[in-house]
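As a plain string of letters, each chain reads:
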Amino acid sequence: MYRSLHTVLALMVCLGVAIAQPFTDPKTVGSHPVYRSAKDSLALAELEKAWGLYRLEGGSKAKTDSLIKQVLEARSKAIIDTKTLYENRFPLLADVTQMPADSVRAISLVGAKSWPKGLHRFKNLETLEIINSPLHKLAALRGAKKLKTVYVLNPTTEKTLRIPKRLAIANLLIRGGTERFVPNRFQSSTLQQLNLAQNGLTQMPNVSGARGLQVLVLRNNRIEKFESYRGNAQLKELELQLNHLQEVPASVAGFPGLRKLVLSGNKIKQVSPALADVKNLEQLAFYRNELTSVPPAVYALTNLRVLDLYYNQIDRLDDAIARWKKMEVLYVSHNRIVNLPDALGDLSELKELYVHNNRISVLPEQLGRLTYLKVFRANNNLLSELPSAFATLRNIDFLDVSHNHFRELPTYLSNYPKLELLTLSYNPLEQENREQWQTVATQLRQRGVVVNLELAPQTEAPQGPR
């Protein structure tokens, strides 16, 4: 039991967040935790773990308050001796006023109405979390010279957060606020990561004054227009998923250093040719948008390694995919694709290919040239045969061709030396082939391979993708 408790605590430490009671709480100042049972300690550790995972994902104020209350109540029953934790410089469970000031690395202020007295004592403070609080002037933190990370969660005021230029923080997260609370302009020479998810923003903030900014997260807002600002050549990651964008305009070229661009869950129908100017882009996501074809600008992105086009209305891939020489993971599932181009074989670095839930009836022979391919999902299509060159794919570890029209499947599929998961279910195999595969499946399972072989009746052909 204590071993599992230690594991949970280690996970909490890895999260890099210390959750402590507000050190202004008069009920805890000058007192010590009441130690009770190890069972209570395990319950507390699980709650702390849940809170650590939940705190940055977001939720209603009621749920946040409820979870905080549970954690605080559980702390009063803890049997854990926090002395060793102090020595390890991780203040996880006890009130920080009971710790040596120079050991405190992180503090969580819950419901604080004013800045606590004595905050300046914590010279080594690196992370500060402000939860359910009206605090909005960060000038009080200028004395914390080592402070690098500030989280502001569910602020209870609409006054705009004020961030002094001399506050040299590298990471700032604001979540659960309003558009009035979030500054519309950020100016900082030290800010590297800015997370403004879930604040009801209707426009992108001006980050031209944060010239060192590398990561900007704006997911789950109400942004309708893609804007860019000069001076953001260092920005490497931009997340705009779950907003109200309808196009990717020419202004996207204002972020020339982007390596990751996430546009999932919008209503994008058009993409400007200027996207091709973002030449270093390596990861691009259009998951759940309204594209009817792959934009020419996307074909021009020769440094792409991961492309996500799931859940659009794309009916084809062109031979221009041959330009994606560095592509490692390609997601084109849940579209309307009928054929895959022969040029697919030119994606020599491809490791994962997802084409399931389309209308594909024939696979190109050139698939056999994808020597690094590990994952291939082509389920829920109209396939009736595999290309003979498929036998050469020696690195396959996950293959799914279920819910197709196969009446015969080659038994060489069982010879893949790295195979871990094979799914062939719901194909109307002929009786002889069916018996062969039942024998082969038994042999594969003895090797530790997971085999799914729930076969459709021979007289029943699948009805195509669902």
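Some details on the overall build of the chain
Okay, step 1: Helix and strand counts for the chain stand at six helices and 20 strands.
Okay, step 2: Relative to its 466 residues, the chain shows a buried fraction of 51%.
Okay, step 3: Of the contacts formed within the chain by residues at least 6 apart in sequence, a portion of 34% connects residues at least 24 apart.
Okay, step 4: By element, 48% of the accessible surface of the chain is carried by carbon and sulfur atoms, the whole surface being about 21600 Å².

Examining helix H6 (residues 431–446)
Okay, step 1: With 16 residues, H6 should reach 22 Å at 1.5 Å per residue; the first-to-last C-alpha distance of 23 Å fits that figure.
Okay, step 2: Taken together, the buried positions of H6 are Asn433, Arg434, Trp437, Val440, Ala441 and Leu444. Along the axis of H6, the buried residues cluster in a sector spanning 130°; they form a single face. Exposed residues lying more than 90 degrees from the buried face of H6 are Glu432 and Gln446.
Okay, step 3: Where H6 is buried, its residues touch strand S19 (421–423) and strand S20 (450–452).

Digging into the nonpolar core
Okay, step 1: In terms of nonpolar packing, the biggest core is built from 112 residues, with Leu238, Leu275, Phe286, Trp324 and Phe376 touching the most fellow members.
Okay, step 2: Residue assignment for this core shows that the elements contributing at least two residues are strand S1 (106–110), strand S2 (127–131), strand S3 (149–153), strand S4 (171–175), helix H5 (296–299) and H6.
Okay, step 3: Counting residues per element, this core draws most heavily on H6, which supplies four residues.
Okay, step 4: Beyond its immediate chain neighbours, meaning those up to four positions away, Trp324 contacts Val294, Val298, Tyr299, Leu301, Leu304, Leu307, Leu330 and Leu347.

Digging into the pattern of salt bridges
Pairing of side chains with opposite charge becomes possible as their charged atoms draw close.
Okay, step 1: With the rule as written, the count across this model stands at 12 salt bridges.
Okay, step 2: Across the salt bridge formed by Arg305 and Glu282, the nearest N and O atoms sit 3.3 Å from each other. Within this pair, whereas Arg305 is found in the loop between H5 and strand S14 (306–308), its partner Glu282 is found in the loop between strand S12 (270–271) and strand S13 (283–285), the two being separated by 23 residues in sequence.
Okay, step 3: Connected through salt bridges with shared partners, the residues Arg259, Glu282, Arg305 and Glu328 form a single ionic network.

Quick word on the pairing of S1
Okay, step 1: Of all five residues in S1, four are buried, a share of seventy percent or more.
Okay, step 2: One ladder, built from five bridges, connects S1 with S2; its direction is parallel. When the sheet's bridge partners are listed, Ser108 is paired in S2 with Glu129.

Regarding unusual backbone geometry
Okay, step 1: A positive phi is found at Gln198, a non-glycine position, where the angle reads about 60°.
Okay, step 2: In this model, His403 sits at a positive phi of 55°, which is unusual for a non-glycine residue.
Okay, step 3: Residue placement: His403 occurs in the loop between strand S18 (398–400) and S19.

Here's the deal with the environment of Gln270
Okay, step 1: In this fold, Gln270 is placed in strand S12.
Okay, step 2: Remark: the alpha-carbon pair of Gln270 and Pro295, spanning 25 residues in sequence, is separated by 7.8 Å.

What to know about the packing of aromatic side chains
One pair of aromatic rings is described through two measures. These are the centre distance and the angle between the planes.
Okay, step 1: For the structure shown, the criterion picks out eight aromatic pairs.
Okay, step 2: Judged by centre distance (5.4 Å) and plane angle (75°), the ring pair of Tyr310 and Tyr331 falls under edge-to-face. On the criterion of sequence distance, the pair formed by Tyr310 in the loop between S14 and strand S15 (329–331) and Tyr331 in strand S15 is long-range, its members being 21 residues apart.
Okay, step 3: The ring of Tyr311 has Arg288 lying over it, and the distance from NZ or CZ to the ring centre is 3.9 Å.

Comments concerning the confidence of the model for the chain
Okay, step 1: A residue-level look at the chain finds 78% of positions with pLDDT of 70 or above and a mean pLDDT of 82.
Okay, step 2: Taken element by element, the predicted model of the chain shows its lowest mean pLDDT in helix H4 (residues 83–87) (32) and its highest in H5 (98).
Okay, step 3: Ignoring residues within four places in sequence, the model shows residues 1–38, a span with pLDDT below 50, making 85 contacts including any to other chains.
Okay, step 4: A low-confidence stretch, residues 79–94 stays under pLDDT 50, and its non-local contacts, those more than four residues away or across chains, total 47 contacts.

Re the side chain of Asn221
Okay, step 1: Tracing the backbone through its elements, the reader meets Asn221 in the loop between strand S8 (215–217) and strand S9 (237–239).
Okay, step 2: Taking relative accessible area as the criterion, Asn221 reaches 4% and is therefore assigned buried.

Focus on a positive patch on the surface
Okay, step 1: Taken together, the side chains of Lys123, Arg142, Lys145 and Arg166 present a region of like positive charge at the surface.
Okay, step 2: Residue position: Lys145 is located in the loop between S2 and S3.
Okay, step 3: A relative accessible area of 67% places Lys145 in the exposed class.

Comments concerning the environment of Lys269
Okay, step 1: Along the chain, Lys269 turns up in the loop between strand S11 (260–262) and S12.
Okay, step 2: With 43 residues separating them along the chain, Lys269 and Asn312 place their C-alpha atoms 9.6 Å apart.
Okay, step 3: Apart from residues no more than four positions distant in its own chain, Lys269 is found in contact with Gln246, Glu290 and Leu291.

Details of a negative patch on the surface
Okay, step 1: Taken together, Glu408, Glu430, Glu432 and Glu435 make up a surface patch of like negative charges.
Okay, step 2: Relative to the assigned elements, Glu435 resides in helix H6.
Okay, step 3: A relative accessible area of 44% places Glu435 in the partly exposed class.

Each value, and the rule that gives it
- Residues numbered from 1 in each chain as written.
- Predicted model: local features only at pLDDT ≥ 70, side-chain atom pairs only at ≥ 80, totals over all residues.
- Heavy atoms only, no water.
- Helix = DSSP H or I, 4+ residues; strand = E, 2+ residues; numbered from the N terminus.
- Buried < 20%, exposed > 50% of the residue type's maximum accessible area, 1.4 Å probe, protein only.
- Contact = heavy atoms within 4.5 Å.
- Areas by Shrake-Rupley, 256 points an atom, 1.4 Å probe, with all protein chains shown as cover.
- Expected span 1.5 Å × (residues − 1).
- Arc of directions from axis to C-beta.
- Core = buried A, V, L, I, M, F, W, Y, C linked by side-chain atoms within 4.5 Å.
- Salt bridge = Lys/Arg side-chain N within 4 Å of Asp/Glu carboxyl O.
- Pairing = 2+ DSSP bridges.
- Phe/Tyr/Trp six-rings, centres within 6.5 Å; stacked < 30°, edge-to-face > 60°.
- Lys NZ or Arg CZ within 6 Å of the ring centre and 35° of its normal.
- pLDDT = per-residue confidence, 0-100.
- Patch = residues over 30% accessible without salt bridge, like charges linked within 9 Å, V, L, I, M, F, W, Y side chains within 5 Å.
- Lys, Arg positive; Asp, Glu negative; His and termini not counted.
- Charge placed at Lys NZ, Arg CZ, Asp CG, Glu CD.

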